[in-house]
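Survey of secondary and tertiary structure
Residue-level listing of the chains:
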Amino acid sequence: MTQETTSTTAAAPGLFRRIWDSWATRSLAVGAVATAMDVMILLAVVNLLGWPNAAGSAIGVVVGSTFTFFANRHFAFRDHNPDLAPQAIKFVISTAAALVLHAWLVWYLADVHGVYVVFAKLVADVLVFTCGQLLVLRYLVFPKAKVLPPPEALVAVSAVEPSLQTAPDRAL
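Reading guide: rules and limits
The residue numbering used here restarts from 1 in each chain and proceeds along that chain's sequence as written. Only residues with pLDDT of at least 70 get local features here, since the model is predicted, and only at 80 or more are side-chain atom pairs given and counted; chain-wide, interface and lining totals rely on the full set of residues. The basis for every side-chain value is the complete set of heavy atoms in the structure, and neither hydrogens nor water enter the calculation. Every helix listed is a DSSP run of H or I at least four residues long, and every strand listed is a run of E at least two residues long, numbered separately from the N terminus. Multiplying 1.5 Å by the helix residue count minus one yields the expected span of that helix. Exposure is judged per residue with a 1.4 Å probe applied to protein chains only, and the accessible area is read against the type maximum: over 50% gives exposed, under 20% gives buried, and values in between give partly exposed. Whether two residues are in contact is decided by their heavy atoms, any of which lying within 4.5 Å being enough. The term salt bridge refers to a pairing of a side-chain nitrogen on Lys or Arg with a carboxyl oxygen on Asp or Glu at a separation within 4 Å. Only rings of Phe, Tyr and Trp enter the pairing, Trp through its six-membered ring, and a pair is recorded when the two centres are within 6.5 Å. The plane angle decides the type: under 30 degrees is stacked, over 60 is edge-to-face, the rest tilted. Both a distance and an angle decide whether a charge sits over a ring: NZ of Lys or CZ of Arg must be within 6 Å of the ring centre and within 35 degrees of the ring normal.

Quick look at helix α4 (residues 85-112) now. Between its first and last C-alpha, α4 extends 39 Å over 28 residues, near the 40 Å set by a 1.5 Å rise per residue. Along α4, the residues that are buried comprise Gln87, Phe91, Ser94, Thr95, Ala98, His102, Ala103, Leu105, Val106, Leu109 and Ala110. Contact partners of the buried residues in α4: α3 (53-76) and α5 (117-141). Positive backbone phi, at 75 degrees, marks Gly114, one or two positions downstream of α4.

See the structure below:
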């Protein structure tokens, strides 16, 4: 084994670790599990119950999305804020909009153009949930916590000489 091969092999675990530590990678992994759940429910509702494709798609998305919210919150974005309601409301609103778009896209591809429903659903998943919702989750539902300055910095600012602090403009 050459020196170059050894260093590349040794660097691989670090690279994989950095990739796994990314919120996007973890969120995509959550999405993969949710999609598997979603497809199984879609097929059960359509094939076993005989419901329309759009209804099966919608039910699958609701179940998959519920899983997605909690798994992304705790695993992908590592958000343990006890105040769940604001995040849940943003998630429900954004997912409802995505659900309508997703169901329409599945209907359009499967029922209008005759695309096999599973393929139509996967195309809709990629377009609506993998791309769009990934960004909505990171920047709207689970935004990064704002970094506050350490308390020592706040004390230092308040201890500044009064004559050095900016005074409001005064009328002459």
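Let's pick the thread back up.
One pass over the structure, following the stated rule, counts three salt bridges. For the salt bridge of Asp21 with Arg17, the shortest nitrogen-to-oxygen distance reads 3.6 Å. Looking at Asp21, the relative accessible area reads 34%, which means it is partly exposed. Residue Arg17 is classed as exposed on the basis of its relative accessible area, which comes to 52%. The closest approach of N and O atoms between Lys121 and Asp125, which form a salt bridge, is 2.5 Å. Here the residue Lys121 and the residue Asp125 both occupy positions in helix α5, the gap between them amounting to four residues, near one helical turn. Each member of the pair, Lys121 as well as Asp125, carries the same accessibility label: buried. Bridged by salt links that share partners, the residues Asp38, Lys121 and Asp125 form one connected network.

This next bit is on the packing of aromatic side chains. Evaluation of the coordinates by the stated rule reveals eight aromatic pairs. Between Trp20 and Phe75 the ring centres are 5.7 Å apart and the planes differ by 50 degrees, which places this aromatic pair in the tilted class. Note that Trp20 is positioned in helix α1 (residues 3-20) and Phe75 in helix α3, a separation of 55 residues in sequence. Taken together, the ring pairs in this structure connect Trp23, Phe69, Phe70, Phe77, Phe91, Tyr139 and Phe142 into an aromatic cluster. One Lys or Arg, Arg138, reaches over the ring of Trp23 and ends 5.3 Å from the middle of that ring.

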